[in-house]
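Single-letter residue listing:
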Amino acid sequence: MTLLMSVCADCGATYFPARLRCHRCGSYRFLDQPVDSARVSGVVPVHRAPEDCPWHCLVELQTEAGVTVMAVAQEPPTLHSLVPLIQQADGAVVIPPR
Ligand SMILES: [Zn+2]
């Protein structure tokens with residue numbers, strides 16, 4: 001599933017996750033903006049993941065809109081690289097395996 005940013009229809013402020021009200025202008029009107037990639041700004045290995053957990057890294061990403069998104073990955077991505085993103089049905093943001 002494509003990751004959707006929430007963009008204020010009145011002032012253009014971008015949020016993730018979505019908000020009920022814009023913190024900049026107070027509007028309640030939002031538009032969905034699909035995001036399919038973001039740049040890696042930080043990687044943290046998970047040292048004690050449960051045995052059945054396939055995710056071994058927490059990854060901090062910066063979208064083009066300037067929004068910071070946290071994702072999980074099976075392998076550590078290269079710092080500052082552009083990586084694809086998807087959002088699972090449970091809401092988790094995932095960097096798909098290569
Ligand atoms: Zn706004």
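The structure under discussion appears in the preceding block.
Residues numbered from 1 in each chain as written. Predicted model: local features only at pLDDT ≥ 70, side-chain atom pairs only at ≥ 80, totals over all residues. Heavy atoms only, no water.

(A) Structural detail: the coordination of the zinc ion. Around the zinc ion, the protein supplies Cys8 (SG), Cys11 (SG), Cys22 (SG) and Cys25 (SG) as donor atoms, at distances of 2.3 Å. Angles of 103 to 115° at the metal separate the four donor atoms of the zinc ion, which places the site in the tetrahedral class. Taken in chain order, the donor set of the zinc ion reads C-x2-C-x10-C-x2-C. Remark: cysteine 22 occurs in the loop between β2 (14–15) and β3 (30–35) and cysteine 8 occurs in strand β1 (residues 3–8); sequence separation between them is 14 residues. Taking relative accessible area as the criterion, cysteine 8 reaches 3% and is therefore assigned buried. The class for cysteine 22 is buried, based on a relative accessible area of 4%. (Donors = N, O, S within 2.8 Å, 3.2 Å for Na, K, Ca; no water. Tetrahedral: all angles 85-135°; square planar, octahedral: opposite > 155°, others 65-115°. Helix = DSSP H or I, 4+ residues; strand = E, 2+ residues; numbered from the N terminus. Buried < 20%, exposed > 50% of the residue type's maximum accessible area, 1.4 Å probe, protein only.)

(B) Examining the nonpolar core more closely. Counting residues in each nonpolar core, the largest one holds 16 residues, and the members touching the most others are Met5, Val59, Leu61, Ala71, Leu85, Val93 and Ile95. Elements with a contribution of two residues or more to this core: β1, β4 (37–45), β5 (57–62) and β6 (68–73). Not counting chain neighbours up to four residues away, the residues in contact with valine 93 comprise Leu3, Phe16, Val69, Met70, Ala71, Val72, Leu85, Ile86 and Gln87. (Core = buried A, V, L, I, M, F, W, Y, C linked by side-chain atoms within 4.5 Å. Contact = heavy atoms within 4.5 Å.)

(C) Layout of the side chain of serine 6. By secondary structure assignment, the location of serine 6 is in strand β1. For serine 6, a relative accessible area of 5% corresponds to the buried category. Leave out the neighbours within four places in its chain, and serine 6 touches Ala13, Thr14, Tyr15, Ala18, Phe30 and Leu31.

(D) Representation of the sheet that holds β1 in the model. One open sheet accounts for three strands, arranged β2-β1-β3; its pairing is antiparallel. Both edges of this open sheet fall to β2 and β3, since each of them pairs with a single strand only. In the sheet, β1 pairs with β2 via two bridges, with the strands oriented antiparallel. Paired with valine 7 across the bridge in β2 is threonine 14. (Pairing = 2+ DSSP bridges.)

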